[in-house]
Amino acid sequence: MSPTHEAVLASKVLIVDDDPAVIESLGAALADRGYARVRSVTDPTAAAQAYAEYRPDIVLLARDMHEMDGFAVMDALEEHENGSYLPVLMVIDDDDPSRRIRALASPAKDIITKPIDVDELCVRMANLLQVRLLYHRLAVKEHSLESVLDYTGEAIAMFD
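Residues numbered from 1 in each chain as written. Predicted model: local features only at pLDDT ≥ 70, side-chain atom pairs only at ≥ 80, totals over all residues. Heavy atoms only, no water.

Caption draft 1: Quick look at the overall build of the protein chain. Looking only at helices and strands, the protein chain features six helices and five strands. Listing each helix as α and each strand as β along the protein chain from the N terminus yields α-β-α-β-α-β-α-β-α-β-α. Sequence-distant contacts, at least 24 apart, represent 66% of the contacts inside the protein chain between residues at least 6 apart. Accessible area for the protein chain stands at about 9000 Å²; split by element, carbon and sulfur atoms hold 55% of it. (Helix = DSSP H or I, 4+ residues; strand = E, 2+ residues; numbered from the N terminus. Contact = heavy atoms within 4.5 Å. Areas by Shrake-Rupley, 256 points an atom, 1.4 Å probe, with all protein chains shown as cover.)

Shown next as structure tokens:
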């Protein structure tokens, strides 16, 4: 069963962009669409710390920033995720094919080009969030199954 629309809207969103105007407009657009748990960071060097504290379900990440590019930020985020599904939607400034390919070949799960069409953004976010929520469900079930198997092994050992 796929996650509900309400579960998607209840997800935590982190916006990382060094342009406060972009953050403000994206935050307002997402709030208008029902996303209530949106945080932002204008300093890309602080993105990993914000990620570790907030534990967002999705990251909207600008590729081109002054202090640090989006690829370096993604590397720092991956250290906190420990191989888990990290849903990064990278925001790129151009349609240059080689730069798009680099973004698509990165750990980012999807890309979107500026100027951002908010309807397209919301569809892309919902798709990534549904995968993230399903991944978490599977991880919980796997953990539960491991616990059951551990206890079963102990019970068998006690019975012997």
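Next comes the rest of the write-up.
Caption draft 2: Examining the sheet that holds strand S2 (residues 38–41) more closely. Strand order in the open sheet formed by five strands is S2-S1-S3-S4-S5, and the pairing between neighbours is parallel. In this open sheet, the two strands that pair with only one neighbour each are S2 and strand S5 (110–113). Strand after strand, the sheet turns through a mean of 20° between neighbouring axes, direction not considered. The pairing of strand S3 (residues 58–62) with strand S4 (residues 88–92) spans four bridges and is classified as parallel. Bridged to Leu60 within S4 is Leu89. (Pairing = 2+ DSSP bridges. Axes fitted to C-alpha atoms, helices over the stretch in contact; angles between N-to-C directions.)

Caption draft 3: Seen up close, the pattern of salt bridges. Applying the stated rule across the entire model yields six salt bridges. With its nearest N and O atoms 3.4 Å apart, the salt bridge here joins Asp93 to Lys114. Linking Asp93 in the loop between S4 and helix H5 (97–105) with Lys114 in the loop between S5 and helix H6 (118–159), this pair joins segments that are 21 residues apart in sequence. Asp93 gets classed as partly exposed once you look at its relative accessible area, which sits at 37%. The network of salt bridges with shared partners includes Asp17, Asp93 and Lys114. (Salt bridge = Lys/Arg side-chain N within 4 Å of Asp/Glu carboxyl O. Buried < 20%, exposed > 50% of the residue type's maximum accessible area, 1.4 Å probe, protein only.)

Caption draft 4: Up close: the pairing of S4. Within S4, five of the five residues are buried, leaving the element largely enclosed by the surrounding structure. Neither face of S4 is open: one carries Val88, Met90 and Ile92, the other Leu89 and Val91, and all of them are buried. Of the crossover connections in this fold, the one passing from S4 over H5 to the parallel S5 is right-handed. (Right-handed = clockwise from strand over helix to strand, strands pointing away.)

Caption draft 5: Region of the structure containing the side chain of Arg132. Relative to the assigned elements, Arg132 resides in helix H6. Assessed through its relative accessible area of 3%, Arg132 is described here as buried. The contacts of Arg132, once residues within four sequence positions are left out, are Tyr51, Pro56, Asp57, Glu81, Tyr85, Leu86 and Pro87.

Caption draft 6: Unusual backbone geometry, seen in detail. With omega at -5°, the peptide bond leading from Lys114 into Pro115 counts as cis. Within the secondary structure, Pro115 sits in the loop between S5 and H6. Unusually for a residue other than glycine, Arg55 sits at a positive phi of about 50°. Mapped onto the fold, Arg55 is located in the loop between helix H3 (47–54) and S3. In this structure Arg55 comes out as partly exposed when scored by relative accessible area, which is 35%.

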